[in-house]
Amino acid sequence: MVVKGFERYAVKPGKRPHLEEVPSDPGHDIPDDKERGREELEELNEQLADLQKRFFIDRRRKLLVVLQGMDTSGKGGTIRHVFRGVNPQGVDVASFDKPTRRELSYDYLWRVHREVPKSGEIVVFDRSHYEDVLAVRVNELQPEAVWKKRFRHMIEFERMLADEGTLILKFFLHIDRETQRDRLQKRLDDPAKNWKFDQSDLIAREKWDQYMEAYEDVLEKTSEDFAPWYIIPANRKWARNLLVARIVVGLLESLELTYPKVEFEPEEIEIK
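Thresholds, definitions, all that
- Residue positions within a chain follow its written sequence, with the count starting from 1.
- Reporting in this predicted model follows two pLDDT cut-offs: at least 70 for local features of residues, and 80 or more for side-chain atom pairs to be given and counted; totals over whole chains, interfaces and linings ignore these cut-offs and use all residues.
- Hydrogens and waters are ignored; side-chain quantities use all the structure's heavy atoms.
- What we call a nonpolar core is a set of buried Ala, Val, Leu, Ile, Met, Phe, Trp, Tyr and Cys residues that are connected through their side-chain atoms within 4.5 Å.
- Burial classes: relative accessible area under 20% of the type maximum marks a residue as buried, over 50% as exposed, and values in between as partly exposed (1.4 Å probe, protein chains only).
- Only DSSP runs of H or I covering at least 4 residues are called helices, and only runs of E covering at least 2 are called strands; the numbering of each starts at the N terminus.
- The contact rule is simple, with two residues in contact once any of their heavy atoms fall within 4.5 Å.
- For patches, a residue must show more than 30% relative accessible area and have no salt bridge; joins then use 9 Å for like charges and 5 Å for nonpolar side chains, namely Val, Leu, Ile, Met, Phe, Trp and Tyr.
- All accessibility values rest on the Shrake-Rupley procedure with a 1.4 Å probe; residue burial counts only the protein chains present in the view.
- Each salt bridge in this description consists of a side-chain nitrogen of Lys or Arg and a carboxyl oxygen of Asp or Glu lying within 4 Å of one another.
- Asp and Glu count as negative and Lys and Arg as positive, but His and the ends of the chain are not part of the count.
- Just so you know, the charge point we use is NZ for Lys, CZ for Arg, CG for Asp and CD for Glu.
- Definition of a polar contact: a pair of N or O atoms within 3.5 Å, with one able to donate and the other able to accept a hydrogen when the atoms are protein atoms, and with sequence-neighbouring residues admitted only if both atoms are side-chain atoms.
- For cavity detection a 1 Å grid was placed over the protein atoms alone, and a set of points counts as a cavity when a 1.4 Å probe fits there but cannot get out; an open set counts as a pocket when protein lies on both sides within 12 Å along at least five of seven lines, with lining residues being those that have an atom within 4 Å of a point.
- Grid points are joined across faces, edges and corners, and a volume is the space filled by probe spheres set on the points.
- Ten residues, namely Ala, Val, Leu, Ile, Met, Phe, Trp, Tyr, Cys and Pro, are considered nonpolar, four, namely Asp, Glu, Lys and Arg, are considered charged, and the remaining ones, Gly among them, are considered polar.
- Any helix carries an expected span of 1.5 Å times its number of residues minus one.
- Between 30 and 60 degrees the pair is tilted, below 30 it is stacked and above 60 it is edge-to-face, where a pair is any two Phe, Tyr or Trp rings, Trp via its six-membered ring, whose centres lie within 6.5 Å.
- When DSSP finds at least two bridges between two strands, those strands are taken to pair.

Draft legend 1. Region of interest: the nonpolar core. Formed by 76 residues in total, the largest nonpolar core has its most connected members in F83, F125, L169, F171, Y230, I247 and L252. Here this core takes 11 residues from helix α11 (residues 237-254), the largest share from any one element. For F125, the contacting residues outside a window of four places in its chain are L64, V65, V66, L67, A94, F96, V112, E115 and V116.

Draft legend 2. Region of the structure containing a positive patch on the surface. Taken together, the side chains of K34, R38, R80, R84, K186, K193, K196 and K237 define a basic patch exposed on the protein surface. Relative to the helices and strands, R80 resides in helix α2 (residues 75-82). Judged by relative accessible area, R80 falls into the exposed class, the value being 52%.

Draft legend 3. Up close: the environment of Y130. Its place among the elements puts Y130 in the loop between β3 (122-126) and α5 (135-138). A relative accessible area of 0% means that Y130 is categorised as buried. Through-space distance from the C-alpha of Y130 to that of F151 is 8.8 Å; in sequence the pair is 21 residues apart. Apart from residues lying up to four places away in sequence, Y130 is in contact with V66, Q68, M154, E158, K170, V218, T222 and W229. In this structure the side chain of Y130 is engaged in a polar contact, spanning 2.6 Å, whose partner is the side chain of E158. In this structure the side chain of Y130 is engaged in a polar contact, spanning 3.0 Å, whose partner is the side chain of K170.

Draft legend 4. Structural view of the layout of surface pockets. Here the second largest pocket defines a volume of roughly 360 Å³. Around the second largest pocket, the lining comprises 17 residues; the ones closest to its centre are R8, Y9, V22, P23 and I231. Of the residues that constitute the lining of the second largest pocket, the class distribution is 9 nonpolar, 2 polar and 6 charged.

Draft legend 5. Summary view of α11. Look at α11: 26 Å from first C-alpha to last across 18 residues, which is about the 26 Å you get at 1.5 Å a residue. In terms of burial, α11 is a largely internal element, 15 of the 18 residues being buried. Downstream of α11 by one or two residues, E256 has phi in the positive range, about 50 degrees.

Draft legend 6. Inspection of a nonpolar patch on the surface at higher detail. There is a patch of nonpolar side chains on the surface, built from V262, F264, I269 and I271 and spanning about 430 Å² of accessible area. Examined against the element boundaries, V262 turns out to sit in the segment after α11.

Draft legend 7. The arrangement of the side chain of S73 in detail. Assignment of secondary structure puts S73 in the loop between β1 (62-69) and α2. Engagement of the side chain of S73 in a polar contact is seen with the backbone oxygen of M70, the distance being 2.8 Å. Contacts of S73, omitting those with residues within four sequence positions, involve L173, I175, R183, A234 and R240.

Draft legend 8. Highlighting the packing of aromatic side chains. A complete count under the given rule lists 6 aromatic pairs for this structure. Consider the rings of Y106 and W110, whose centres lie 3.9 Å apart with planes at 5 degrees: the pair is stacked. According to the relative accessible area criterion, Y106 is partly exposed, its value standing at 37%. For the ring pair W147 and F151, a centre distance of 6.3 Å and an interplane angle of 85 degrees mean the geometry is edge-to-face.

Draft legend 9. Seen up close, the pairing of β3. Burial within β3 is extensive, with 5 of its 5 residues counted as buried. Both faces of β3 are covered, namely the face carrying I122, V124 and D126 and the face carrying V123 and F125. As paired strands, β1 and β3 are joined by 5 bridges and run parallel to one another. Considered in β3, the bridge of L67 is made with D126. Taken together, the 5 bridges between strand β2 (residues 91-95) and β3 define a ladder with parallel strand orientation.

Draft legend 10. A look at unusual backbone geometry. A positive phi angle is found at T72, which is not glycine, with a value near 75 degrees. Relative to the helices and strands, T72 is located in the loop between β1 and α2. When its relative accessible area of 8% is taken as the criterion, T72 is described as buried. Backbone geometry places E140, a non-glycine residue, at a positive phi of 55 degrees. Take E140: it is sitting in the loop between α5 and α6 (144-147).

Next comes the structure, spelled out in structure tokens:
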């Protein structure tokens, strides 16, 4: 179910977005002033911390947040800024790099299923199972006959999670090619950021068009009412963080979570 108020960012099931036509800069619903945006994000951080506590105590549901995007789109930064201040006891982050030899010996969803949230927990995927129809496809690691079937697998995998009480938010962090160039250059220019640069980023950049086509397929074929994709304009980092935080908070608020009622009168108890 799409979070109310954010329908404009959600991909309708079966509708193919043309990413070149989708804005990667923030829209009119985002403050013009960066400082105002940061102040709102701080307020949302406080709200999220309280909502996450209620969610953890309630334990009737789980929340899976999936982050996908091109290199430098800001998956790590989004996690750091949106979930600042939440209790780490109830939030976990899973990153999916190149699969290990052992992981490759199982089906491709094995390592992903191991990381899904348990009751009352929020788990954020920094990249996800979608790499198996993105990087695998673009880099020709598997034939088309193999990766093409995975769209159906992923929908059914997420349907099973949803049926078992998992709420799913999927965010595609959308940057343009010029923004990526600037961010990669900053990694080279700043000695404190050199460690972030990887030669593979340039290889992926050369395949930008192929990746955009692959992402369009993912967004068209795997956005469902129970697990919608949101396209987040990510050229401005602070605006990206603000919008993702709004959607996460909006979803948790819609649950109308309350603290459990106790079966005694606290004011009648005296601690001696």
